[in-house]
Amino acid sequence: MDDESTTPEPTSPRTGHGPVSPATVAVTAGRPPRVQGGPVNPPVVLSSTYVSAGVPSPEDKLYTRSGTETWEPFEDALAQLEGATQSGVVFASGMAAIASVLAMVPDGGTVVVPQHAYQVTLGFVDDMAQRHRVTVRRVDIADTEASAAAFAGADLVWIESPTNPMLEVADLPVLVDAAHRAGALVAVDNTFATPLVQRPLESGADLVVHSVTKYLAGHSDVVLGAVVTSSEHLERSVRAYRTLHGAIAGPWEVWLALRGMRTLALRVERAQANAAEIARRLSAHPGVAQVRHPSLPDDPGHEVATRVMDGYGAIIGLRPVGGIEAADAVVDALELWVPATSLGGVESTLERRRRFSTESLTVPEDLLRLSVGIEDVEDLWADLDRALRLVTGA
């Protein structure tokens, strides 16, 4: 475990009344200095190189691969949202961000991952096992005791919570403490929850990873990733990986992500409320075999989510009556819901996850992952209810 990774107090902007809420941070962080006649939004700088003569200092900008002022407002805003003392590090994609953290596992080392997680993350660790002799231990992250027992001798514990697509909820404070006692670094993929719902650094996590493509940017129009940490050493490591591997983001994409993040609190609030109401109705629907959402009192993740999160997220797991054929037919019958593989945008999307051969085999074949957007909940429900009744005859 890195000895610099203890979690400090959040660095949210302060007013005369003390720290402001994350919802306010999303709007105010990363703004230019307040000067007469100055812009309220940071500019986009379109330059691949910078004027440089003589011996450069470490702070000098030289070439965009190593840094640009267009990244900095977004990186600062995300770091403040997660309560980090180091700057965030933006990447060209979520997978580039994930790779920068998993690369910390040495050849012959050990990484612990959830049995259910983003399928490309699991594919990456399988590749590490083949090419770098890394031992991969898969755990049911919702089974706190069994997961903690698997941490012995690990170099890195990777946590997703809620998991993709099974929505298992990790007891972050307990698991982070157990991993640190075992001598492991802890990285948390916080894409599903967002910093509005949970802030893993506050639970002691060493690194937080985001697919910025999803909720942070929020409009299904950019592909980006990011890593946040409060450890100076780990921040340097992640930033060096980005430079050496050329995993750099375009300036327009980062500017769009920052603009999207300004409405994060409103979007998450509306999407969560929609998801909770839809999940409640689905739980009583005759055409539904199973529904997963942590807001439901009988959901396996409800107790932990209620205790460690500030909400329940906007992803629903749905298994309709009738199996795979019914699941595919429901997708085809919907009109408002968009069949698409991504999530976290303003629009509601869904897909059957096992249509991908690379998805975990323990994910049910008929599971539909619903990403609930910000449309009117009654319109979303009418579309979903109609499709379920049409397909299942309920």
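Residues numbered from 1 in each chain as written. Predicted model: local features only at pLDDT ≥ 70, side-chain atom pairs only at ≥ 80, totals over all residues. Heavy atoms only, no water.

Taking an unreviewed UniProt entry as the reference, the chain is identified by name as homocysteine desulfhydrase belonging to Sanguibacter biliveldensis. In its Cofactor (unreviewed entry) section, UniProt records this for the chain: "pyridoxal 5'-phosphate". According to the UniProt record, the Sequence similarities (unreviewed entry) comment for the chain is "Belongs to the trans-sulfuration enzymes family." (UniProt positions renumbered as here; feature names shortened; annotations may be inferred.)

1. Details of the side chain of Asp-206
Its place among the elements puts Asp-206 in the loop between strand 7 (185-189) and strand 8 (207-211). Despite its burial, Asp-206 pairs with no opposite charge; the closest candidate is Arg-181, at 13 Å N-O. (Helix = DSSP H or I, 4+ residues; strand = E, 2+ residues; numbered from the N terminus. Buried < 20%, exposed > 50% of the residue type's maximum accessible area, 1.4 Å probe, protein only. Lys, Arg positive; Asp, Glu negative; His and termini not counted. Salt bridge = Lys/Arg side-chain N within 4 Å of Asp/Glu carboxyl O.)

2. Some words on the nonpolar core
Counting 68 residues, the largest nonpolar core has Phe-74, Ile-278, Leu-282, Ile-316, Trp-337 and Leu-384 as its most contacted members. The element best represented in this core is helix 9 (residues 264-282), accounting for eight residues. With residues near it in sequence (within four places) discarded, Ile-316 still touches Leu-167, Ala-275, Ile-278, Ala-279, Leu-282, Val-291, Arg-292, His-293, Leu-368, Arg-369, Leu-370 and Val-372. Within the second largest apolar cluster, 27 residues are counted, among which are Leu-122, Val-209, Leu-234 and Ala-247. (Core = buried A, V, L, I, M, F, W, Y, C linked by side-chain atoms within 4.5 Å. Contact = heavy atoms within 4.5 Å.)

3. A closer look at the UniProt feature "modified residue: N6-(pyridoxal phosphate)lysine" (unreviewed entry) in the chain
Mapped onto this numbering, the UniProt entry gives "modified residue: N6-(pyridoxal phosphate)lysine" (unreviewed entry) at Lys-214. Of note, Lys-214 is situated in the loop between strand 8 and strand 9 (225-229). Residue classification places Lys-214 among the buried positions, given a relative accessible area of 16%. Not counting the four nearest positions on each side in its chain, Lys-214 is found in contact with Thr-191, Ser-342, Leu-343 and Gly-344.

4. Some remarks on the sheet that holds strand 3 (residues 89-91)
An order of 3-9-8-7-6-4-5 is seen for the seven strands of this open sheet, with the pairing classed as mixed. Of all the strands in the sheet, just strand 3 and strand 5 (135-139) have a single pairing partner and so form its edges. On average, each strand axis in the sheet is inclined to that of its neighbour by 20°, with strand direction left out of account. In this structure, strand 6 (residues 156-160) lies alongside strand 7, joined through five bridges in parallel fashion. For Val-157, the partnering residue across the bridge sits in strand 7 and is Val-186. Against the sheet, helix 2 (residues 72-82) engages strand 3, strand 8 and strand 9, with an angle of about 55° to strand 9. Contacts from helix 4 (residues 119-132) reach strand 4 (110-114), strand 5 and strand 6 within the one sheet, and its direction differs from that of strand 5 by about 145°. (Pairing = 2+ DSSP bridges. Axes fitted to C-alpha atoms, helices over the stretch in contact; angles between N-to-C directions.)

5. Overview of the layout of surface pockets
In this structure, the largest pocket occupies an estimated 480 Å³ of space. For the largest pocket, the lining is made up of 20 residues, of which Pro-58, Ser-66, Gly-67, Glu-72 and Arg-239 are closest to its centre. Broken down by secondary-structure element, the contributors of at least two residues to the lining of the largest pocket are helix 2 and helix 7 (232-245). Tallied by class, the residues present in the lining of the largest pocket amount to six nonpolar, six polar and eight charged. Its boundaries defined by the atoms lining it, the second largest pocket holds a volume of some 370 Å³. Lining the second largest pocket are 23 residues, and of these Tyr-118, Asn-164, Thr-191, Ser-211 and Lys-214 lie nearest its centre. For the lining of the second largest pocket, the secondary structure elements donating two or more residues are helix 3 (94-102) and strand 8. Across the lining of the second largest pocket, the residue classes break down as eight nonpolar, ten polar and five charged. (1 Å grid on protein atoms, 1.4 Å probe; cavity = no way out; pocket = protein on both sides within 12 Å on 5 of 7 lines; lining within 4 Å. Points joined across faces, edges and corners; volume = space filled by probe spheres on them. Nonpolar A, V, L, I, M, F, W, Y, C, P; charged D, E, K, R; others polar.)

6. A few points about helix 9
In this model helix 9 runs 26 Å from its N-terminal to its C-terminal C-alpha over 19 residues, within 8% of the 27 Å that 1.5 Å per residue would give. All of the buried residues along helix 9 are Leu-264, Ala-265, Arg-267, Val-268, Ala-271, Gln-272, Asn-274, Ala-275, Ile-278, Ala-279, Arg-281 and Leu-282. (Expected span 1.5 Å × (residues − 1).)

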